[in-house]
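# Coordinates in review
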Amino acid sequence: MLLSASGAWRRLTHAARRATTSTSRLSSAYRLVASVALGSVLLAVVGAALGPSWSPAPMTETVRVESTSTAIGGAPALERHDVRTEVVQVALDGATVQARLSLPVGIDGPVPGVVFVHGAGTGRFTQAFVAQAHALAASGVAALVPDKRLDTYTTRHRDYVAMAADYARSVAVLRDRPEVDPDRVGVYAESEGGWIAPVMAADDPDLAFVTLVSAPVVPPRQQAAFATDAYLRNTQVPHGVFRAIPRAVGMSMPGGGFEYVDFDVRPYQQRMHQPVLLVYGTGDASMPIVQGALEVRSDVAAAGNAAVTVRYYEGANHGIRVDGEVVPAFLEDLAGWVLGLPGTAEAAPRTAGAQPTQPYVAAPVPEPGWLRDGTVMVALVVVALAVLALAGLSVGVSRGAHGVAALARHGRGATGDGAGPAGGADDGAAVPAEARHRFAPGVALRLGVLAATTTLTVVAMVWYLLSVARLALDYERNAWVVQGGWLVVRLLGVAAVVAAVALARRSTSAREADVPVAPGVVRAVALWTVVAGCAVLLVVLAYWGVFQLGI
């Protein structure tokens, strides 16, 4: 009976111990989860506080299309002529460019002329505006397509006023041709050229007309944000990714330059007295196609100019192409409008074609409050990653050096140079000496995991942004990359927070047990270097939205 009672007591005691252990484990897990959640929320708050959010205003104004037909009112019937071309030289200030001149054959007397102004990129007459120049020449309009000047044109530096002066040299060359009527020479500007042609028109009142195709109208920074928003919406990225728009577009670029991103073309448009043909494709999501028409009309009206003709082509892209081909109706309308001037300048319908839609306003981009300097941003990330690598390297070198020293001491003891095993002096000192050169148990592992997961999150974030940018520019969708990639980035970020919490808990436990967390100068510096570097990287990741919780 006594034995039975004793056994029952032992079973009861063991059960109580298991219950206590289980409760302790649950409590520890709860504290870990709570700490990770708190850390993630703090990072989300920091990320929200460091920069602006992105919430573009809906476009409420509309453009009323008067006719679905894009035909130009009052345009003459187009003739068809053979076309001859020649290459001419255009002398610029400090450079010379070639240009392709397309002329109609068989016309008596001088004809109107058009100088083409390139959009972004490295425009060459062998590739640019081939269809447009040929169609104009075949209809009786001389067309001059100069090569873009590239020695003063880079991604980092562009001067639209200086570029306007360069293109004005091409206008002068065309005016001097005997086949061309100098009083009927105008310009055709596409995309980025829409920031250049108004400067030309304002500076040269004798310019006969201006054709703006896919003109941004708003400053480049605003247009970039608008286009990025449209591309990301088409790619169907998670809502949290949109926060990156004002933070990327609004910051100054690393290394300086890019002053042109805030160029405002409106003061030049407000000095334009020439008739304007404004053209957009309704399939061009990168341009504010409704806002553009409203802005141009408003701006030229300040100069007393009401001669604005607007055309929208159904499904056409940025180059007024459908299925890779320039829309034939556009080519006919362009030639008819130029040949019919001045009668076509204010002929009805003033606005025609497909009904345009624009979901959001292209507005000024909110500026980041703290991390606006791109150079500082890049420097923070590079320095933080570098110190993580150096910390790991320094610990490895230190550990190797102590290992060599330990082998040397062991060698001296084996040959009788030291006290030897019999004396016990070296044996007794070996363990404490080794302990003095090790992190507390579990600290090194957690420190390495923290550095690795934080670095992986940064790498994954960079990969994700580049992948999404490629998809957006190609106007493609890929749920595995867009949604799946974002999930991976955020999970890696949470894993880094888990590693940070685990490191903090292990370090606290070591201190409570009077065990040095990072003995020695090298390990102490390495510990705090890794912690500081990871903290910087986690804040940067929070800034780009990795930890946001709808804040």
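Evaluation of the coordinates by the stated rule reveals 15 salt bridges. A salt bridge links Asp 151 to Arg 149, with the shortest nitrogen-to-oxygen separation between them at 2.7 Å. Since its relative accessible area comes to 14%, Arg 149 is described here as buried. Bridged by salt links that share partners, the residues Arg 84, Glu 86, Arg 177 and Glu 179 form one connected network.

A word on the packing of aromatic side chains. Taken as a whole, this structure holds 14 aromatic pairs when the rule is applied. Look at Tyr 160 and Phe 263: their rings are 5.3 Å apart centre to centre, the planes differ by 65 degrees, and that puts the pair in the edge-to-face class. Here Tyr 160, found in helix α3 (residues 160–175), pairs with Phe 263, found in the loop between α6 (244–249) and α7 (266–269); they are 103 residues apart in sequence, far enough to count as distant. The same class applies to Tyr 160 as to Phe 263, namely buried. Members of the aromatic cluster, connected to one another through ring pairs, are Tyr 160, Trp 195, Phe 258, Tyr 260, Phe 263 and Tyr 268. The ring of Tyr 543 carries Arg 247 above its face, with NZ or CZ at 4.7 Å from the centroid. A cation sits over an aromatic face here: Arg 523 above Phe 439, 5.8 Å from the ring centre.

Let's shift gears to empty space enclosed by the protein. Evaluated as defined, the whole model comprises 1 cavity of 30 Å³ or more. In this structure, the largest cavity occupies an estimated 80 Å³ of space. What lines the largest cavity is Val 90, Leu 92, Val 97, Pro 146, Asp 147, Lys 148, Arg 149, Met 163, Asp 166, Tyr 167 and Ser 170. Those elements giving two or more residues to the lining of the largest cavity turn out to be β1 (83–92) and α3. It is α3 that contributes the most residues to the lining of the largest cavity, 4 residues altogether.

This part is about a nonpolar patch on the surface. Together, Val 41, Val 45 and Leu 549 make up an exposed nonpolar region whose accessible area comes to about 240 Å². Tracing the chain through its elements places Val 45 in helix α1 (residues 2–50).

Below, the discussion takes up the environment of Arg 350. Positionally, Arg 350 belongs in the loop between α9 (328–340) and β11 (351–353). Sequence separation between Arg 350 and Leu 277 is 73 residues, and the spatial gap between their C-alpha atoms is 9.6 Å. Non-local contacts of Arg 350, meaning those with residues more than four positions away in its chain, are made with Glu 66, Ala 306, Ala 307, Val 308, Thr 309, Val 310, Arg 311 and Ala 345. A polar atom in the side chain of Arg 350 sits 3.5 Å from the backbone oxygen of Val 308.

This paragraph deals with the nonpolar core. Note on soluble globular proteins: their nonpolar side chains tend to be buried together. Ranked by size, the top nonpolar core spans 57 residues in total, and within it Val 237, Tyr 464 and Phe 547 carry the most contacts. Listed by contribution, the elements that provide at least two residues to this core are α1, α5 (220–235), α6, α10 (374–414), α13 (443–473), α14 (479–512) and α15 (521–543). The residues touching Val 237, leaving out its near neighbours within four places in the chain, are Leu 232, Phe 242, Tyr 464, Val 468, Val 482 and Gln 483. The next biggest cluster of nonpolar side chains, apart from the first, holds 56 residues, and it includes Leu 92, Leu 174, Val 180 and Trp 195.

Bringing the pairing of strand β8 (residues 308–313) into the picture now. Across the 6 residues of β8, 6 count as buried, placing the element largely inside the fold. By the alternation rule, side chains of β8 split into Val 308, Val 310 and Tyr 312 and Thr 309, Arg 311 and Tyr 313, which are all buried. Inspection of the sheet shows strand β7 (residues 276–281) paired to β8 by 6 bridges, in the parallel sense. Of the residues in β8, the one forming a bridge with Val 279 is Arg 311. The handedness of the β7 to β8 crossover, carried by helix α8 (residues 289–301), is right-handed.

On to α3. Residue pairs spaced three or four apart in an α-helix point in one direction, given the helix's 3.6 residues per turn. Here α3 contains 16 residues, and its C-alpha end-to-end distance of 22 Å stays within 8% of the 22 Å for a straight helix at 1.5 Å per residue. Of the positions making up α3, those classed as buried are Tyr 160, Met 163, Ala 164, Asp 166, Tyr 167, Ser 170, Val 171 and Leu 174. Buried residues of α3 fall within an arc of 160 degrees about the axis and therefore sit on the same side. At the N-terminal end of α3, a side-chain oxygen is found 3.1 Å from the backbone nitrogen of Val 161, two or three residues along, and the residue is Asp 159.

Rules of the game
- Residues numbered from 1 in each chain as written.
- Predicted model: local features only at pLDDT ≥ 70, side-chain atom pairs only at ≥ 80, totals over all residues.
- Heavy atoms only, no water.
- Salt bridge = Lys/Arg side-chain N within 4 Å of Asp/Glu carboxyl O.
- Buried < 20%, exposed > 50% of the residue type's maximum accessible area, 1.4 Å probe, protein only.
- Phe/Tyr/Trp six-rings, centres within 6.5 Å; stacked < 30°, edge-to-face > 60°.
- Helix = DSSP H or I, 4+ residues; strand = E, 2+ residues; numbered from the N terminus.
- Lys NZ or Arg CZ within 6 Å of the ring centre and 35° of its normal.
- 1 Å grid on protein atoms, 1.4 Å probe; cavity = no way out; pocket = protein on both sides within 12 Å on 5 of 7 lines; lining within 4 Å.
- Points joined across faces, edges and corners; volume = space filled by probe spheres on them.
- Patch = residues over 30% accessible without salt bridge, like charges linked within 9 Å, V, L, I, M, F, W, Y side chains within 5 Å.
- Areas by Shrake-Rupley, 256 points an atom, 1.4 Å probe, with all protein chains shown as cover.
- Contact = heavy atoms within 4.5 Å.
- Polar contact = N/O pair within 3.5 Å; in protein donor to acceptor, adjacent residues only side chain to side chain.
- Core = buried A, V, L, I, M, F, W, Y, C linked by side-chain atoms within 4.5 Å.
- Pairing = 2+ DSSP bridges.
- Right-handed = clockwise from strand over helix to strand, strands pointing away.
- Expected span 1.5 Å × (residues − 1).
- Arc of directions from axis to C-beta.

Everything listed here is a matter of coordinates, which is why it stays silent on function.
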